[in-house]
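Residue-level listing of the chains:
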Amino acid sequence: MNSKLEMPAVGQENTSSFIPPSREERAAILKGARLLQLGAKKSSPPSPVRTGSEIERLSSIIERLQRIAAYDPLTGLPTRNVLLERLEHALARETANEDTWIAVLFVDLDNFKLVNDSLGHGSGDAVLCEMAKRIESCLGSQDIAGRFGGDEVVVLHPVATDVSGTALGRQILATMAEPIFIADKEVVVTASVGLALCRPGTKTVEQLLREADTALYSAKGRGRARLEQFNDDLRERAEKRMQVESDLRIALREDQLFVEYQPQVRLKDGLIVGVEALVRWRHPIHGIIPPSDFIPVAEDCGLVVKLGQQVLQQSCGQLAEWARHMPKTPLSLTVNVSPRQLAEPTFEAELRQLLAQTGIEPTALCLEITESVMTSATEDVVRVLNDVRRLGVYIAIDDFGTEHSSLSRLREMPAEVLKIDRSFIDGLSSEPGDTAIVASILSLAFAMGKHTIAEGVETREQAAMLLRMGCEVAQGYFFSRPVAADRIGPMLATTLWQPRLEQALHVAQPTSGAGRRGHRYFIDEFLDHIGAPMGSKVMGSP
């Protein structure tokens, strides 16, 4: 099914199906409504007799308005209210057949935003219209599909068996996977489907829709372009997620969250040159909850913005305290920031205010973003990162090497630190591929004038290999687990490991060539600050 679509004209939506009433028609409708009101009052004189043609005209307009209210003007699908009424009726019906089920399928396009961003909203509307046509082509005589908003369509399969809902969902997936041609461009927009089943009279409309939505969420999380059916396991996970979200709201109000700090070690001498701030949750009943159990929930429900603000404020305040007590021991701080935080219009202003309040040096602070943020960053996000960089704060790309980032994207981003993902460090010495990837990242970073930090170092052998390969700074359980703030001070006076003499750092000799001159001066400022310079600065370099 290769469909060639005609894009809707600008400001026009499916005009072949619905024509908005004219000004005269709207005036006639209002006039008719007033006449009906007057006729309903016994004390009022009888309303004048209307001609048959005028009554027919008013009836036609009212009928068309009712149709417009019942159908989505873009796709022609029934509206949300119409589908909800049909679903409520289906759930209320009585049946003696125990094999009869009601199925609801949530259908949502994958990465639909990319279509709008890359091809424009007109193309996005064309895709939605084609989506509606394809879904309707899969429906039986008793089925109905309604647009719930955006690119989300809900299908009601009111007379289902325990397998027919799955079959319908797979048919929808198959037809949606076929290419669409828009403005002579082939576009493939897959869909994810969440399915929920119940017998008539056993669940409410809200329950069944929530279960289908939960199944859709699972389909998205497991790779997209797939069908997931709601089951007991998903129910348990959904209930747990709701509980975590509820408890997390309380935790943010009652200061149950706290920050620990993992040392970042200079490999050539074992001294601490920085720390990473890591949030922890001390639950009053369940004890310490790992970040992997609540950070994704915070991202989904929007609490990550407030959570991130608390972590940034607390850790920057702690860095200021360390600076006051240990003014001769420079220490850098890295803090993770969420894409949702960066999207906040007040983020840069709040960061500037925080720097002023705490008095910390901007060059001592490094904000971490994941590589996935880099690959999908919008112009607004890049603008915010550039604003942050102009404050003097550094940007690090976390989990580097795990996403499909391009070198051109890396060149465009104002990021000066690459954090090598722990998954590559695990394979050092045992997996030649991982060793080659780490060596390549280190070479790339040096060539582009960027700093590197290796994460997840757990053995002496890994630390020694990183040292020989030219990595300057690393962190991981081999050196130290994340610790409370009061333990960092005493650790600064000690070495967390003793590299052997034969494992001396292999450092490329500084050069005065074009590559070195291209290194920006603020890279050296940051590296000098944490005690890991990459070479001599070239006077007069930009």
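Everything discussed here concerns the structure shown above.
Only a predicted model underlies this, so the values are computations on that prediction, with no experimental measurement involved. (Residues numbered from 1 in each chain as written. Predicted model: local features only at pLDDT ≥ 70, side-chain atom pairs only at ≥ 80, totals over all residues. Heavy atoms only, no water.)

> I'd love a proper account of the nonpolar core, names of residues and values included.
Counting residues in hydrophobic clusters, the biggest one holds 83 residues, and the most contacted among them are Leu-367 and Leu-466. It is helix H10 (residues 304-325) that provides the largest number of residues to this core, a total of 9 residues. Counting residues in hydrophobic clusters, the runner-up holds 33 residues, among them Val-127, Ile-135, Val-155 and Ala-191. (Core = buried A, V, L, I, M, F, W, Y, C linked by side-chain atoms within 4.5 Å. Buried < 20%, exposed > 50% of the residue type's maximum accessible area, 1.4 Å probe, protein only. Helix = DSSP H or I, 4+ residues; strand = E, 2+ residues; numbered from the N terminus.)

> Kindly report on the pattern of salt bridges, identifying the contributing residues and their values.
Under the defined criterion, the tally for this structure stands at 20 salt bridges. With its nearest N and O atoms 3.0 Å apart, the salt bridge here joins Arg-147 to Asp-72. Placement of the pair is Arg-147 in strand S3 (residues 144-149) and Asp-72 in the loop between helix H2 (52-70) and helix H3 (80-92), with a sequence separation of 75 residues. Taken individually, Arg-147 and Asp-72 each receive the classification buried, so the pair is uniform in this respect. Its salt-bridge partner being Glu-368, residue Lys-419 comes within 2.8 Å of it at the nearest N-O pair. A residue pair is termed long-range when its members are at least 10 positions apart, and Lys-419 in strand S15 (residues 417-420) and Glu-368 in strand S13 (residues 365-370) qualify at 51 residues. (Salt bridge = Lys/Arg side-chain N within 4 Å of Asp/Glu carboxyl O.)

> Describe the side chain of Thr-75, listing the residues and the values that go with them.
Mapped onto the secondary structure, Thr-75 falls in the loop between H2 and H3. We classify Thr-75 as buried; its relative accessible area is 13%. At 3.2 Å, the side chain of Thr-75 forms a polar contact with the backbone nitrogen of Leu-77. (Polar contact = N/O pair within 3.5 Å; in protein donor to acceptor, adjacent residues only side chain to side chain.)

> Report on the environment of Gly-302, specifying residues and quantitative values.
Here Gly-302 shows up in the loop between helix H9 (291-301) and H10. Spatially, the C-alpha atoms of Gly-302 and Arg-340 are 7.5 Å apart, while their sequence positions differ by 38 residues.

> Which residues make up the pairing of strand S14 (residues 394-400), and what values do they have?
Within a regular strand, the side chains alternate between the two sheet faces. Of all 7 residues that make up S14, 6 are buried, and the element is covered over most of its length. Where S13 meets S14, 5 bridges bridge the pair, whose relative direction is parallel. Looking across to S14, one finds that Glu-368 is bridged to Ala-396. Two strands pair when backbone bridges link them, and S14 and S15 are joined in this way by 3 bridges, in the parallel orientation. Its bridge partner lying in S15, Ile-397 is registered against Leu-418. (Pairing = 2+ DSSP bridges.)

> Pulling in residues and values, what's your account of the packing of aromatic side chains?
Geometry of an aromatic ring pair is reported as the spacing of the ring centres plus the angle between the planes. What the rule picks out here adds up to 6 aromatic pairs. Ring geometry for Phe-478 against Phe-479: centres 5.1 Å apart, planes inclined by 70 degrees, an arrangement best described as edge-to-face. Relative accessible area serves as the criterion here: at 23%, Phe-478 is assigned to the partly exposed category. Every member of this aromatic cluster is reached through a ring pair, and the members are Phe-478, Phe-479 and Trp-497. (Phe/Tyr/Trp six-rings, centres within 6.5 Å; stacked < 30°, edge-to-face > 60°.)

> Break down the layout of surface pockets for me, with residues and values.
The space that makes up the second largest pocket amounts to roughly 690 Å³. If you trace the second largest pocket, you find 21 residues lining it, with Tyr-217, Arg-237, Arg-241, Val-297 and Asp-300 closest to the centre. At the level of elements, helix H7 (205-221), helix H8 (232-253) and H9 are the ones that each hand at least two residues to the lining of the second largest pocket. (1 Å grid on protein atoms, 1.4 Å probe; cavity = no way out; pocket = protein on both sides within 12 Å on 5 of 7 lines; lining within 4 Å. Points joined across faces, edges and corners; volume = space filled by probe spheres on them.)

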